[in-house]
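Coordinate analysis (summary)
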Amino acid sequence: MADNGDEESMYRIKEGDYVVLKRGDIFKAVQIQTRKKVIFEKQWFFLDNAVGHLYSTTFEIVSGGTLQPQKPKNTESSSDAKEAGTDNRNILDDGKSQKLTRDDIEMLKEQGLKGQEIIQQLIDNSSTFRDKTEYAQDKYIKKKKKKYENTVTILKPSCRILAMMYHGREPGKICHLRYDTLSQMLTLANIHAGSKVLVFETCAGLVLGAVMERMGGYGSVLQMYPGGGPVRAGVESFGFPAHFHDTLHDFPICHVNALLAGTLDTAAKDPSSADSKQSNVAAEGEQTQPEAEKQGSPEEQSMETNTGSDAGQDQEKEDKERRKEAKAQEKKVKLEEKRKKLAAAAALLEGRNADGFARSSVLFPTCSLVIASRFHPCPVLMGLLDFLAPSRPFVVYSQYKEPLIECYTKLREHGGTVNLRLTDTWLRHYQVLPNRTHPMLLMSGGGGYLLSGTTVATDRSKPAAGPERTAEPAPKRLKLTDTVG
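Here's what I pulled together on the structure shown here. Everything numeric in this text was worked out from a predicted model, so none of it was measured. The residue count restarts for each chain, going from 1 along the sequence in the order it is written. At least 70 in pLDDT is required for a residue's local features to be given in this predicted model, at least 80 for side-chain atom pairs to be given and counted, and no such filter applies to totals for whole chains, interfaces and linings, which use all residues. Where side-chain values are given, they derive from all heavy atoms of the structure, hydrogens and water being excluded.

1. A few points about the overall build of the protein
Just so we agree on the cut-off: Each helix is a run of H or I in the DSSP string that is no shorter than four residues. Each strand is a run of E no shorter than two, and both are numbered from the N terminus. A contact between two residues is defined here by any heavy atoms of the two lying within 4.5 Å. Computed with the Shrake-Rupley method and a 1.4 Å probe, the accessible areas treat only the protein chains shown as cover for residues.
Looking only at helices and strands, one finds 16 helices and 16 strands in the protein. By sequence separation, contacts in the protein at least 24 residues apart represent 69% of the contacts at least 6 residues apart. Of the roughly 31,400 Å² of accessible surface on the protein, a fraction of 51% belongs to carbon and sulfur atoms.

2. A look at the sheet that holds strand 1 (residues 18–23)
The cut-off we apply is this: Criterion used throughout: strands pair if DSSP finds at least two bridges between them. Axis definition: a line fitted to C-alpha atoms, limited for helices to the stretch in contact. Angles are taken between N-to-C directions and run from 0 to 180 degrees.
As summarised here, the arrangement of the five strands in space is 2-1-7-5-6, forming an open sheet in which the pairing is antiparallel. In this open sheet, the two strands that pair with only one neighbour each are strand 2 (26–31) and strand 6 (67–69). Neighbour-to-neighbour, the strand axes of this sheet turn through a mean angle of 35°, independent of strand direction. Here strand 5 (residues 57–61) runs beside strand 6; their pairing, made up of three bridges, is antiparallel. Residue pairing across strands places Ile 61 opposite Leu 67, the latter belonging to strand 6. Contacting strand 1, strand 2 and strand 7 (151–155), helix 6 (residues 159–169) crosses the sheet at an angle of about 115° to strand 2.

3. With respect to the pattern of salt bridges
Short version of the rule: Each reported salt bridge corresponds to a side-chain nitrogen of Lys or Arg within 4 Å of a carboxyl oxygen of Asp or Glu. Throughout, exposure labels follow a simple rule: accessible area from a 1.4 Å probe, protein chains only, divided by the maximum for the residue type, with under 20% read as buried, over 50% as exposed, and the rest as partly exposed.
According to the stated counting rule, one finds five salt bridges in the structure shown. Notably, a salt bridge pairs Asp 138 with Arg 436, separated by 3.6 Å at the nearest N-O pair. Here Asp 138, found in helix 5 (residues 134–148), pairs with Arg 436, found in the loop between strand 14 (430–431) and strand 15 (438–439); they are 298 residues apart in sequence, far enough to count as distant. Overall, Asp 138 belongs to the partly exposed group, its relative accessible area being 28%. Between Asp 250 and Arg 232 there is a salt bridge, and its shortest N-O distance comes to 3.0 Å. Note that Asp 250 is positioned in strand 10 (residues 248–252) and Arg 232 in the loop between strand 9 (220–225) and helix 9 (233–238), a separation of 18 residues in sequence. The class for Asp 250 is buried, based on a relative accessible area of 19%. Overall, the relative accessible area of 25% leaves Arg 232 in the partly exposed class.

4. Things to note about a nonpolar patch on the surface
What counts, and what does not: Two joining distances apply to patches: 9 Å for like charges and 5 Å for nonpolar side chains (Val, Leu, Ile, Met, Phe, Trp, Tyr), and every residue must have over 30% relative accessible area and no salt bridge.
A contiguous nonpolar surface patch, about 310 Å² in accessible area, is contributed by Met 10, Tyr 11 and Leu 54. Among the secondary structure elements, Leu 54 is positioned in the loop between strand 4 (43–46) and strand 5.

5. Quick word on the packing of helix 3 (residues 102–110) against helix 4 (residues 115–124)
Quick reminder of the rule: In this scheme, roughly parallel covers angles under 35 degrees and roughly antiparallel covers those over 145, while 65 to 115 is roughly perpendicular and the rest are oblique. Rotating anticlockwise by less than a right angle from the far helix to the near helix defines a left-handed crossing, while the corresponding clockwise rotation defines a right-handed one. Three classes are used, and their members are as follows: Ala, Val, Leu, Ile, Met, Phe, Trp, Tyr, Cys and Pro are nonpolar, Asp, Glu, Lys and Arg are charged, and the others, Gly among them, are polar.
At a minimum axis distance of 10 Å, the contact between helix 3 and helix 4 shows a crossing angle of 150°. The angle between helix 3 and helix 4 places the two elements in the roughly antiparallel class. In this structure, the crossing between helix 3 and helix 4 has a hand that is right-handed. Residues Ile 105, Leu 108 and Lys 109 of helix 3 lie in contact with helix 4, whose contacting residues are Ile 118, Gln 121 and Leu 122. When grouped by side-chain class, the residues that make up the contact of helix 3 with helix 4 number four nonpolar, one polar and one charged.

6. Some thoughts on the nonpolar core
Buried together is how nonpolar side chains tend to be arranged in soluble globular proteins. Put simply, the test is: In this text, buried Ala, Val, Leu, Ile, Met, Phe, Trp, Tyr and Cys residues form a nonpolar core when linked through side-chain atoms within 4.5 Å.
Residues Met 185, Val 207 and Val 370 are the most contacted members of the largest nonpolar core, which totals 38 residues. Elements that contribute at least two residues to this core include exactly helix 6, helix 7 (179–188), strand 8 (196–201), helix 8 (206–215), helix 9, strand 11 (368–372) and strand 12 (393–398). With 23 residues, the next largest nonpolar core counts Leu 222, Val 256, Phe 394 and Leu 404 among its residues.

7. Some thoughts on the pairing of strand 4
In the sheet, strand 3 (residues 37–40) pairs with strand 4 via four bridges, with the strands oriented antiparallel. When the bridges of strand 4 are listed, Phe 40 appears paired with Gln 43. The turn joining strand 3 and strand 4, which pair antiparallel and follow one another in sequence, is formed by two residues; a positive phi near 55° is taken by Glu 41.

8. Concerning the sheet that holds strand 16 (residues 449–455)
Spatial strand order, 10-9-8-11-12-16-13: seven strands in an open sheet with mixed pairing. Unpaired on one side and paired on the other, strand 10 and strand 13 (417–424) mark the two borders of the sheet. Going across the sheet, the axis of each strand differs from the next one's by a mean of 15°, ignoring polarity. Where strand 8 and strand 9 come together, five bridges link them in parallel fashion. Paired with Lys 196 across the bridge in strand 9 is Ser 220. Across the face of the sheet, helix 8 comes into contact with strand 8, strand 9, strand 10 and strand 11 while running at roughly 165° to strand 8.

9. Considerations on a positive patch on the surface
Stated formally: His is not counted here, nor are the chain ends, while Lys and Arg score as positive and Asp and Glu score as negative. Taken as the charge location is NZ of Lys, CZ of Arg, CG of Asp or CD of Glu.
On the surface, Arg 102, Lys 109, Lys 139, Lys 143 and Lys 147 cluster together to form a positively charged patch. The set of elements that each furnish at least two residues to the positive patch consists of helix 3 and helix 5. At three residues, the largest contribution of residues to the positive patch is made by helix 5. Examined against the element boundaries, Lys 109 turns out to sit in helix 3. Look at Lys 109 and you get partly exposed, because its relative accessible area is 41%.

10. Concerning the packing of aromatic side chains
Formally: Aromatic pairing here means that ring centres of Phe, Tyr or Trp (its six-membered ring) are within 6.5 Å. Orientation follows from the plane angle: under 30 degrees is stacked, over 60 is edge-to-face, and everything else is tilted. Criterion for a charge above a ring: Arg CZ or Lys NZ at most 6 Å from the ring centre, at most 35 degrees from the ring normal.
In total, this model carries five aromatic pairs according to the counting rule given. Seen in terms of ring centroids, Phe 200 and Phe 375 are 6.5 Å apart; in terms of plane orientation they differ by 35°. Their pairing is tilted. Note that Phe 200 is positioned in strand 8 and Phe 375 in the loop between strand 11 and helix 14 (377–384), a separation of 175 residues in sequence. The class for Phe 375 is partly exposed, based on a relative accessible area of 34%. By way of ring pairs, the aromatic residues Phe 238, Phe 240 and Phe 244 are connected into one cluster. Lying across the ring of Phe 46, Arg 35 places its NZ or CZ 4.2 Å from the centre. One cation-aromatic arrangement involves Lys 37 over Trp 44; the distance from NZ or CZ to the ring centre is 4.7 Å.

11. Let's talk about empty space enclosed by the protein
Which entries qualify depends on this criterion: In this analysis, the protein atoms alone were mapped onto a 1 Å grid. Cavities are point sets where a 1.4 Å probe fits without being able to get out; pockets are open sets with protein on both sides within 12 Å along at least five of seven lines; lining residues have an atom within 4 Å of a point. Grid points are joined across faces, edges and corners, and a volume is the space filled by probe spheres set on the points.
Across all of its chains, the model carries one cavity of 30 Å³ or more by this definition. Lining of the largest cavity is provided by Met 212, Met 215, Gly 217, Tyr 218, Val 221, Phe 244 and Thr 247. Each residue belonging to the lining of the largest cavity can be placed in one class, and the counts come to five nonpolar, two polar and no charged.

The following block contains the structure:
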């Protein structure tokens, strides 16, 4: 019974959870917080009343910004007295068929009528609604619902939902990565629980979160990041439990060459710490020097005020020293944590255990490599392939095919990979309704390109065999003939 209760609580909304709001085809990721105003599609409301309800519940927004679960609609009453015409040939769109004006609709809203009641008033006051065909009536009602119904659906975050949200709202943040292309990447890279995956992405953490979701908290994920630190905004929107983050490690990509060459020093101190200490000492000297000068003039003040000011200055000085010591200690702790994380990620990349001994590459391999970045993928791919064990898959995403063509050519020249494929995904939505199933008029022009392949072990005993085959043939010598003059 306890297990059933735990499973049921997973599907209920709790305070502090990350959720996705949905209205039509619009999504937005937010966190459940008490008395926090949320603005979504030009409407504001509070999510307090959503706590305790099941995910995928649709709520109505009532006065005061509170949410109420939407009651199930009675479809029998609407279908009984439904009249429809045979065709729309005699209907003219002259704007005079609707008797209600904009002021009348605003007055209905002020009276407290809900969206469904306003739609019913529009239907009753339309002179051409009953002459429309059944399909046209459904289309009219759907259009008015989108405009006047104040409803919102709360969904549990998932890889597909967040990919659709980013692609619909801010596609540039995820390099225009479509959700069907993301699913192809997870499949081609063979992401599964218990594996060790190397990820380099600049898609706001969406690809990293998708990999972590597929692994289910088992295995290890190594994020290679450019710049000062990793970007994980998309990972936070997934709302993973704490043990998921224990499997996540990060490593700066600028240290990859040093790690491959064996010159990476993970015990090195931060060079800025010594400079900051010297500047702090100099600042303390500058502060104490005028204080000493002030204290060295006892003629200006009496003895009583002098002793009182000295005590106050000593107290301020002690407080400043304590704050400086606390800041220095906090900075030292952060640097030590950063150094430990860097050392752990380097050990995981090198295949070493906690004692520093090298593990067998057969038992502890890097299982797959995933790259999705706004940078040129060729140098990144050639540098990270050295961490990938033989017979392991890799996949590279790019919005354009030209960088991937260059990667394909480099891999063919370098060797060590087989089954190289450069693919383009194509997606089109279909409307599936009785007697009117057809493709949608609007569709995505392209979902990017994928380069995938598998690594193989190369024969290191014959290093000269490759260049001899790929080298250009020597130019033929011209044949000189004697000419009789």
